[in-house]
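Each chain is listed here by its residues.
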Amino acid sequence: MEVSMFLNTLTPKFYVALTGTSSLISGLILIFEWWYFRKYGTSFIEQVSVSHLRPLLGGVDSSSPSNSNTSNGEADSNRQSVSECKVWRNPLNLFRGAEYNRYTWVTGREPLTYYDMNLSAQDHQTFFTCDSDHLRPADAIMQKAWRERNPQARISAAHEALELEDCATAYILLAEEEATTIMEAERLFKQALKAGEGCYRRSQQLQHHGTQYEAQHRRDTNVLVYIKRRLAMCSRKLGRTREAVKMMRDLMKEFPLLSMFNIHENLLESLLELQNYADVQAVLAKYDDISLPKSATICYTAALLKARAVSDKFSPEAASRRGLSTAEMNAVEAIHRAVEFNPHVPKYLLEMKSLILPPEHILKRGDSEAIAYAFFHLQHWKRVEGALNLLHCTWEGTFRMIPYPLEKGHLFYPYPICTETADRELLPMFHEVSVYPKKELPFFILFTAGLCSFTAMLALLTHQFPELMGVFAKAFLSTLFAPLNFIMEKVESILPSSLWHQLTRI
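Everything in this summary refers to the structure shown in the same document. (Residues numbered from 1 in each chain as written. Predicted model: local features only at pLDDT ≥ 70, side-chain atom pairs only at ≥ 80, totals over all residues. Heavy atoms only, no water.)

### Quick word on the pattern of salt bridges
Part 1: Enumeration over the complete set of coordinates arrives at 22 salt bridges.
Part 2: Ionic pairing is found between Arg136 and Asp139, a salt bridge with its closest N-O pair at 2.6 Å.
Part 3: Between Glu214 and Arg218 there is a salt bridge, with its nearest N and O atoms 3.9 Å apart. Placement of both Glu214 and Arg218 in helix α11 (residues 211–237) is noted, with a separation of 4 residues, approximately one turn of the helix.
Part 4: Residues joined in a network through salt bridges with shared partners are Arg96, Arg154, Glu177 and Glu360. (Salt bridge = Lys/Arg side-chain N within 4 Å of Asp/Glu carboxyl O. Helix = DSSP H or I, 4+ residues; strand = E, 2+ residues; numbered from the N terminus.)

What follows is the structure, given as structure tokens:
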């Protein structure tokens, strides 16, 4: 009876205010959920529920003995995931002054993230400094310069070091960051080479005199290899590709153990530019080995060579009628292998997604590696007649072989789940990070979208037809509370009136 009296006192304005407020709140929740999903790739409500509410409501106790085997398996999986998500130096990284900074001047956008540049600073400190730097004034200045965050302060420190003596690392910094053209960078690297070779010869003679001299020789070796590799890259960028190939081959022969620079990937790109496919195959035969780490360059170059043998005559209609030949089957399998290793590359090669400047560091099997590969190798795929057509017809077939890529792979380990987070740190904000496997919209985003739409529609109808919607609302609430009224009437008929009177007073 009291419920009915309360409902009769409600005016249409109350229903308009109620539905309008509900629509506003659910709309704000929807906007926040969508923003959080776009930024972090997960639902905020779902994350809070799993991380905080589930343990409070009596979640599964991971310390129980029955879960020990599962925990061990998850630990192994996590260790594999961490190793898969290691960030690597991009072998084909651009020059900051001559390329990255010019892009910023033209577009006003920063192509490098702070995280990426911080990793480069750590690399420079590892490669170009050692504990004995304080013994040489120029090296002591450069040791501080590599830690400096301000680019102008780094450049000023390099000039200060050069005033004391010919310092190879100072020339490197100026070539990388101050030079505005590749020719200017090459000139500075040649000066760095002259100074670096002198330091290398001196430290080579003293390397066995103690650990301090050994560390100094290791540093001078890294400096020399870096300079020669960058000089080869300058030659490649200036069109002297044969000269660049010779410099890379000589460098790999002189320092065969320094595989951390991945010079063979620079060599592969230069050989493809020369269309010297026999030498490309020879390099692949050495580095595309089961015991060596893979990369998009290795896998997709192998696929390109296989596709080159059949792509000019390939027709999907003819292949569907007669079946694939042995050579075509090998090419398709090579493409599937490459796509399984890095599924982001085909969209860039097929120009379904726009390219940006590659970062200075890449994550293998991630979007950053795909950008770095396609940025330099798209032209080589276009040069091979029919190669992109063959890729277009076959690359999506890979996903039928690996329906659950995060749990089990076909030729490689399961696809690591950490790539999206790392790529968001490596790639600039204006780039839409490619996500694999494609994530469905979380339930809570769909729920809040439906709730927002429903309440907005109710608010609109209540505003337009207040009397009619008031009748509907009262009828709905009366129906909703009918079971409760029925139960209350039964309780009143069963309990003594005096007891019921006391309960109502309480």
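### Notes on the nonpolar core
Part 1: Judged by nonpolar contacts, the single largest core of 93 residues is most densely connected at Met142, Ile172, Phe189, Ile227, Tyr300, Leu349 and Trp381.
Part 2: With 9 residues, the single largest contributor to this core is helix α15 (residues 296–308).
Part 3: Here Tyr300 is in contact with Ala338, Val339, Asn342, Val345, Pro346, Leu349, Tyr373 and Trp381, once residues within four sequence places are set aside.
Part 4: Among the nonpolar cores identified, the runner-up in size contains 6 residues, and Leu92, Leu94, Tyr100 and Leu357 belong to it. (Core = buried A, V, L, I, M, F, W, Y, C linked by side-chain atoms within 4.5 Å. Buried < 20%, exposed > 50% of the residue type's maximum accessible area, 1.4 Å probe, protein only. Contact = heavy atoms within 4.5 Å.)

### Thoughts on the packing of aromatic side chains
Part 1: This structure, assessed with the given rule, holds 9 aromatic pairs.
Part 2: A ring pair is formed by Tyr200 and Phe255, whose centres lie 6.1 Å apart and whose planes are at 75°; its orientation type is edge-to-face. Taken as a pair, Tyr200 in helix α10 (residues 182–206) and Phe255 in the loop between α12 (241–254) and α13 (263–273) lie far apart in primary sequence, 55 residues in all.
Part 3: Take Tyr200: its relative accessible area is 13%, and that puts it in the buried class.
Part 4: An aromatic cluster of at least three residues, connected via ring pairs, comprises Phe127, Phe128, Trp146 and Tyr226.
Part 5: A cation over a ring is seen here: Lys86 above Trp88, with NZ or CZ 4.5 Å from the ring centre.
Part 6: We note Arg230 situated over the ring of Phe95; from NZ or CZ to the ring centre the distance is 4.0 Å. (Phe/Tyr/Trp six-rings, centres within 6.5 Å; stacked < 30°, edge-to-face > 60°. Lys NZ or Arg CZ within 6 Å of the ring centre and 35° of its normal.)

In short, the description is geometric, and any link to function would need to be established separately.
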